Amino acid sequence: MSIISLKAIEKYYGDYHALKGIDCEIAEGEFFSLLGPSGCGKTTLLRVIAGFEDVSSGTVVIGGQNMAGVPANKRPTNMVFQSYAIFPHLSVAENVGYGLRRARLPRAELAEKVNGALKMVGLEGFGGRASHALSGGQRQRVALARALILEPKVLLLDEPLSALDKKMREQMQTELRRLQRQVGITFILVTHDQEEALIMSDRIAVMFEGEIAQLAAPQELYRRPLTRRVGEFIGVMNFLDARQVDTGISQVRFDVDGLGEVEIKPEQLPKGARSFYSVVGLRPEALSIVYDGSPKSAVPGKVVDLSYYGDMTYYEVQLEGTSSPVTISMKNLTSRPVLERGAETQVTWDAGSLVVFAS
Amino acid sequence: MKGGWLRIYAIGYLVFLYLPVVLLPMFAFNEGTVIAFPLKGFTTEWFVQLAGIEALHGALLNSVFIALVTASLSVIFGICAARASTRFRFPFKGPIMGAIMVPLVLPEIIVAVSLLVVVVQVLDLPLSAWTVIAGHTLICTPFAIAILSSAFQGLDQSLEEAAVDLGETRWGAFKNIILPLVSPGIVASFLICFTISLDEFIIAFFLTGAEPTLPVYIWSQLRFPTKIPAVMALGTLMLVASLIILSVAEYYRRRGVERVGGKDSGGFL
Amino acid sequence: MGVRTIATRLDSDAKRGLLLVSPTAVYVLLLLAAPLAAVVTFSFWTQDFLTIDRSFTLDNYREAFTDPLYRVLMIRSLVISGIVTVVTVVLAFPIAYFVSFYVPPERKALWIFLITIPFWTSYLLRVFLWKVILGFNGVLNSGLISLGLIDEPITFILYNANAVVITLAHAFAPFTILPIYVALEKIDRSLLEASRDLGENRVTTFFRVTLPLAMPGVIAATLIVFIPTIGDYVTPRLVGGPNGLMIANMIQTQFLKLNNAPMGATLAVLAMCAVTAISLIFVLMNRRYLR
Ligand SMILES: Nc1ncnc2c1ncn2[C@@H]1O[C@H](COP(=O)(O)OP(=O)(O)OP(=O)(O)O)[C@@H](O)[C@H]1O
Ligand SMILES: [Mg+2]
């Protein structure tokens with residue numbers, strides 16, 4: 001059962017078309033991410049859901065109820081703002097209890113709820129603090145507690161981690177995920193960090209220029225990007241020109257620049273279209289450098305550059321018949337010495353990981 | 001010492017600035033009835049005399065009334081305009097805000113004359129405290145807007161959205177979040193407008209009715225040499241009062257800057 | 001395009017903004033725009049003893065341009081205002097520069113406060129006290145005589161244009177220092193270091209970097225002094241003497257003494273036009289600094 005359903009959402013700012021026909025269902029209890037480059041309309045979509053922006057057309061349904069004409073304060077959603085928006089003139093406890101004011105709870109009960117919420121985000125005993133005396137990570141937790149205390153159906157988070165340093169960000173990623181499982185509330189996270197989206201989400205909607213380019217679970221998104229642009233945006237992908245040679249019942253053969261003939265399964269083809277594929281994509285880990293044995297198929301290549309990461313090495317390898325080198329990632333084992341720049345080597349591939357694009 | 005010559009110049013300049021200010025209390029406590037050197041003995045007689053001048057008390061009350069109403073109106077108009085300009089985008093924003101700030105760059109006599117023409121010649125109304133208030137509100141509002149705009153500008157817009165998100169109505173968010181956060185700015189602009197109105201002469205002289213304002217009263221006294229020592233005493237008291245009011249205003253302005261977590265850029269205006 | 005279509009084309013933000021700004025805008029419209037229009041209208045009418053002759057005429061303007069009295073007053077006003085402006089700004093710039101560049105950050109607010117205090121003394125009394133200072137038996141003369149620097153009181157500083165300039169330069173000091181100070185404060189100090197790094201010395205850096213970047217403040221200061229000075233009638237009356245009177249005194253006289261509102265309105269319109277024209281020319285000449 002979906003908690004949010006967006007139907008044909010269009011949003012114009014004057015002449016600027018910010019959202020172009022967004023259709024999307026978000027399931028109850030799901031950790032859902034909106035991922036896309038800067039300016040693609042992620043924040044706009046989030047604000048449409050929250051009720052801060054009117055749609056130009058289309059409907060937003062939350063919990064089975066059409067939200068047309070329902071103002072932000074009446075919607076069963078709460079938001080964690082990018083700047084956290086902690087009220088500077090109120091204490092931590094007053095911030096957290098802010099939304100409960102109109103519930104007119106008895107004092108003791110209110111205090112108990114506030115303490116519970118603070119405990120949940122790991123800020124027990126911080127209630128009396130002045131809110132401007134908090135660190136970035138603490139402000140973020142206060143913002144979370146303040147939104148979660150109202151037990152919204154959906155929690156909206158606009159790049160909540162972008163203001164934190166790397167270490168803090170990684171810590172909060174796991175913590176957010178844990179919190180979401182604990183409370184079971186639907187989270188919608190806006191981020192432009194693909195790694196963050198992959199780590200945290202159940203499903204990810206990748207947006208470009210006001211449109212959802214692909215909506216899928218992280219693994220699916222990484223392994224089967226629908227378009228070249230999605231493949232490029234999520235992780236690293238090598239693109240090679242290719243021509244379809246032959247279509248059989250159980251396998252399709254391609255002539256791929258640099259690799260030669262490659263056989264793949266029909267399932268690997270994009271749905272619908274059946275012929276004239278011209279580009280295939282390969283993740284760096286789908287290619288490998290041959291250290292021992294003689295694989296069924298291998299081609300010669302020359303290492304033109306490399307980046308050493310400790311656990312991994314990323315090689316730039318020039319294959320014959322291609323204009324630019326491909327990126328290959330290799331785990332560093334003692335049995336596999338890191339190659340020098342300029343080294344001649346053999347490159348093999350995993351045909352099952354090959355992604356075929358419709359253009 | 002850094003800035004050697006500049007420092008000497010700066011001190012000389014301060015002497016120039018303070019010359020009249022220092023003379024004011026000197027003559028106020030001076031026994032001699034002529035405003036000239038050398039000074040005679042010390043006396044508080046002139047201050048005592050002030051207590052007995054009925055006309056002065058009337059003028060003072062009148063001025064305080066005018067200043068209070070002017071400051072209230074200017075702050076209300078200021079809040080409307082400053083909030084509109086910092087929070088909303090609307091058509092003709094530039095021209096509208098420009099027009100509202102015009103009194104700041106208009107010679108005061110023009111404001112005075114134009115209001116006089118309308119009130120006396122066109123509407124044929126009597127001059128009164130209210131005509132002075134009309135003029136003073138016109139020139140004070142831009143000051144209020146300037147102070148309040150910076151107060152509103154310092155606010156993160158998502159604070160207001162967060163309040164709405166947590167269940168407040170728009171008005172509730174404004175009342176419970178925005179107003180408390182800009183209240184130091186409101187107090188500061190109120191005090192500034194109050195002080196400007198209290199001291200304003202050029203417009204008041206044109207628009208005042210039978211009841212003079214304090215500066216108009218002082219102007220009338222400057223012609224009589226015997227009244228001048230008392231005027232000096234009065235001026236001294238007014239200076240002290242202004243300084244107290246301004247210190248309070250500055251205190252509130254700084255608190256406002258602190259509250260929204262901004263950096264103090266110092267000073268008024 | 002009807003009102004309805006315009007209204008529906010405005011989004012809710014625009015409507016709220018317009019609604020919110022409207023009380024202030026209407027106030028200014030009613031109490032400034034309308035009265036200014038009335039003044040302009042009046043300037044085309046004439047006073048006929050106690051009544052006003054409402055037939056359109058340019059007589060007032062003709063008179064204002066031909067009568068040497070008005071012409072002298074107008075030109076003198078502009079000249080005095082110009083001199084006051086130059087003197088005030090030139091005197092104020094080093095102070096703003098000093099406070100911005102040489103005063104330690106924690107003491108800046110104190111300096112600014114010190115500079116603004118004199119401004120909060122009653123304006124009338126400040127002008128009056130300058131009369132006391134500059135007068136024949138005044139503080140300056142008695143001081144100089146007792147120091148033995150002069151034998152006779154000097155007289156060229158009271159009841160003439162010099163006195164007006166000194167007094168107004170004093171009155172507007174904080175108004176000039178503050179905008180220049182703000183502009184100087186905004187200058188990123190690393191720009192000055194960059195200039196030194198690129199081979200300029202202190203003085204050339206000042207003229208090639210600091211001054212151009214401070215120009216918006218200087219321009220604001222100039223306008224803030226020049227415009228109101230034209231409208232001041234207190235200072236000329238108290239310290240100006242017969243040769244220091246300015247156009248504002250004449251406007252005041254026309255309205256309050258001679259009861260000739262149309263002539264007063266004409267002079268007011270002319271003064272306003274002159275000030276606006278000069279200000280615009282000044283701003284246009286310096287527009288490259290304003291971007
Ligand atoms: N109030 C507005 N008026 C006009 N255009 C707007 C407005 N808000 C957003 N836009 C435009 O809509 C587009 C999408 O904006 P949005 O804030 O949704 O981007 P985003 O995906 O959140 O980007 P970022 O990662 O930079 O936050 C941008 O091009 C932006 O300039
Ligand atoms: Mg965004």
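Counting restarts for each chain, with residues numbered from 1 along the sequence as it is written. Following the order in which they are written, the chains are lettered starting with A and the ligands numbered starting with 1. Selection of residues for local features in this predicted model requires a pLDDT of at least 70, selection of side-chain atom pairs for listing and counting requires 80 or more, and totals for whole chains, interfaces and linings are taken over all residues.

> Quick question: what am I supposed to make of the site of ligand 1 here?
Residues and elements named next belong to chain A. Only the C-beta atom, placed from the backbone, is used; a residue is near a molecule or strand if that atom lies within 6 Å of it. With respect to spatial proximity, the complete set of residues near ligand 1 consists of Tyr-13, Tyr-16, Ala-18, Gly-36, Ser-38, Gly-39, Cys-40, Gly-41, Lys-42, Thr-43, Thr-44 and His-192. Elements are defined by DSSP. Helices are runs of H or I of four residues or more, strands are runs of E of two residues or more, and each kind is numbered from the N terminus. Residue assignment for the shell around ligand 1 shows that the elements contributing at least two residues are strand S2 (16–27) and helix H1 (42–50). Counting residues per element, the shell around ligand 1 draws most heavily on H1, at three residues. A per-class count over the shell around ligand 1 returns four nonpolar, seven polar and one charged. The classification used treats Ala, Val, Leu, Ile, Met, Phe, Trp, Tyr, Cys and Pro as nonpolar, Asp, Glu, Lys and Arg as charged, and all other residues, Gly among them, as polar.

> Looking at this model, I keep getting lost on the domain arrangement of chain A. Mind explaining?
Interface size is commonly expressed as the accessible area that is lost once the parts come together. Residues and elements named next belong to chain A. The split into domains, and so the bounds of each, comes from an automatic or database assignment of domains. As assigned here, chain A comprises domain 1 (2–229) and domain 2 (236–357). Here domain 1 and domain 2 have C-alpha centroids that lie 39 Å from each other. Note that contacts rest on C-beta atoms placed from the backbone: two residues are in contact if these are within 7 Å. With four residues of domain 1 in contact, the opposing surface of domain 2 contributes five residues. Per-class residue counts for the side of domain 1 that touches domain 2 are one nonpolar, one polar and two charged.

> Help me understand the interface of chain C and chain B, please; the structure alone is not making it clear to me.
On the side of chain B, 69 residues touch chain C, which itself brings 71 residues to the contact. The biggest single contributor to the side of chain C that touches chain B is helix H2 (residues 12–43) of chain C, with 20 residues. Looking at the side of chain C that touches chain B residue by residue, the classes come out as 55 nonpolar, 10 polar and six charged.

> How do you make sense of the sheet that holds strand S16 (residues 299–308) of chain A when you look at a structure like this?
Within a sheet, adjacent strands bond to each other through the backbone by hydrogen bonds, running parallel or antiparallel. Residues and elements named next belong to chain A. For two strands to be treated as a pair, DSSP must find no fewer than two bridges joining them. Pairing in this open sheet of five strands is antiparallel, and the strands run S15-S19-S16-S17-S18 from one edge to the other. What marks the edges here is a single partner per strand, and that holds for strand S15 (287–289) and strand S18 (326–331). Pairs of neighbouring strands in the sheet enclose a mean axial angle of 50°, with direction left out of account. The pairing of S15 with strand S19 (residues 344–349) spans three bridges and is classified as antiparallel. Here an axis means a line fitted to C-alpha atoms, over the contact stretch when the element is a helix, while the angle between two N-to-C directions is reported on a 0 to 180 degree scale.

> Please explain the arrangement of the chains as it appears in this structure.
Contacts are most numerous, across the two pairs of chains in contact, for chains B and C. Note that chain A does not reach chain C: the shortest distance linking a C-alpha of one to a C-alpha of the other is 9 Å.

> Whenever I open this one, the packing of helix H4 (residues 136–148) of chain A against helix H5 (residues 166–183) of chain A confuses me. Can you help?
Packed helices, taken two at a time, are described by the angle between their axes plus the distance between the axes. All names here are of chain A. Interaxial distance between H4 and H5 falls to 12 Å at its minimum, and their mutual angle equals 15°. Classified by the angle their axes make, H4 and H5 are roughly parallel. The crossing of H4 and H5 is right-handed. Residues Gly-136, Gly-137, Gln-140 and Leu-148 of H4 form the contact with H5, whose participating residues are Met-168, Met-172 and Val-183. The residue inventory of the contact of H4 with H5, partitioned by class, reads four nonpolar, three polar and no charged. Any angle that falls under 35 degrees is termed roughly parallel, while one over 145 is termed roughly antiparallel, one within 65 to 115 roughly perpendicular, and all others oblique. Here is the rule for handedness: rotate from the far helix to the near one, and if that takes an anticlockwise turn smaller than a right angle the crossing is left-handed, while a clockwise turn gives right-handed.

> I keep staring at the packing of helix H11 (residues 202–230) of chain C against helix H14 (residues 261–285) of chain C and nothing clicks. Help me out?
Residues and elements named next belong to chain C. Here H11 crosses H14 at 170°, and the two axes come no closer than 10 Å. Considered as vectors, H11 and H14 are oriented roughly antiparallel to each other. From H11, Ile-219, Thr-222, Leu-223, Phe-226, Ile-227 and Ile-230 reach across to H14, where they touch Ala-271, Val-275, Ser-279, Phe-282 and Val-283. Broken down by class, the residue content of the contact of H11 with H14 amounts to nine nonpolar, two polar and no charged.

> Explain the confidence of the model for chain B to me, please; I cannot follow it from the model alone.
All names here are of chain B. Confidence scores per residue from the predictor, reported as pLDDT, run from 0 to 100. Here chain B averages 86 in pLDDT, and 93% of its residues register 70 or above. Within chain B, the element-level pLDDT minimum falls on helix H11 (residues 228–259), averaging 81, and the maximum on helix H3 (residues 54–87), averaging 94. Here residues 262–269 is a poorly scored stretch, pLDDT under 50, and it has 16 contacts once near neighbours within four places are set aside; other chains count. Both confidence scores are given for the complex: pTM 0.80, ipTM 0.83.

> I would appreciate a short explanation of the nonpolar core in the present structure.
Considering soluble globular proteins, one finds that nonpolar side chains tend to be buried as a cluster. To form a nonpolar core, buried Ala, Val, Leu, Ile, Met, Phe, Trp, Tyr and Cys residues must be joined through C-beta atoms within 7 Å. Buried means a residue has 20 or more other C-beta atoms within 10 Å of its own C-beta, exposed means 12 or fewer, and partly exposed covers the counts in between; C-beta atoms are placed from the backbone. By size, the foremost hydrophobic cluster in this structure holds 246 residues, and its most contacted members are Ile-188 of chain A, Val-113 of chain B together with Ile-180 of chain C. Per-element accounting of this core gives the leading share, 14 residues, to helix H6 (residues 129–153) of chain B. Ignoring anything within four residues of it in the chain, the contact list for Val-113 of chain B reads Phe-206 of chain B together with Val-39, Ile-251, Phe-255, Gly-264, Ala-265 and Ala-268 of chain C. Of all hydrophobic cores here, the second largest spans 22 residues; its members include Val-252, Ala-286, Val-347 and Leu-354 of chain A.

> What is the right way to read the pairing of strand S12 (residues 252–256) of chain A from this model?
Where a strand is regular, its side chains alternate between the two sheet faces. Residues and elements named next belong to chain A. Covered by surrounding structure in S12 are Val-252, Phe-254 and Val-256 only, the residues Arg-253 and Asp-255 on the alternate face being uncovered. With five bridges joining them, strand S11 (residues 238–247) and S12 adopt antiparallel strand pairing. Residue pairing for S12: Ala-242 is matched across the bridge by Val-256. What sits between the antiparallel neighbours S11 and S12 is a turn of four residues. With five bridges joining them, S12 and strand S13 (residues 260–264) adopt antiparallel strand pairing. Each bridged residue has a counterpart across the sheet, and for Asp-255 the counterpart in S13 is Glu-261. Between S12 and the antiparallel strand that follows it, S13, lie three residues; Gly-258 among them carries a positive phi value of about 90°.

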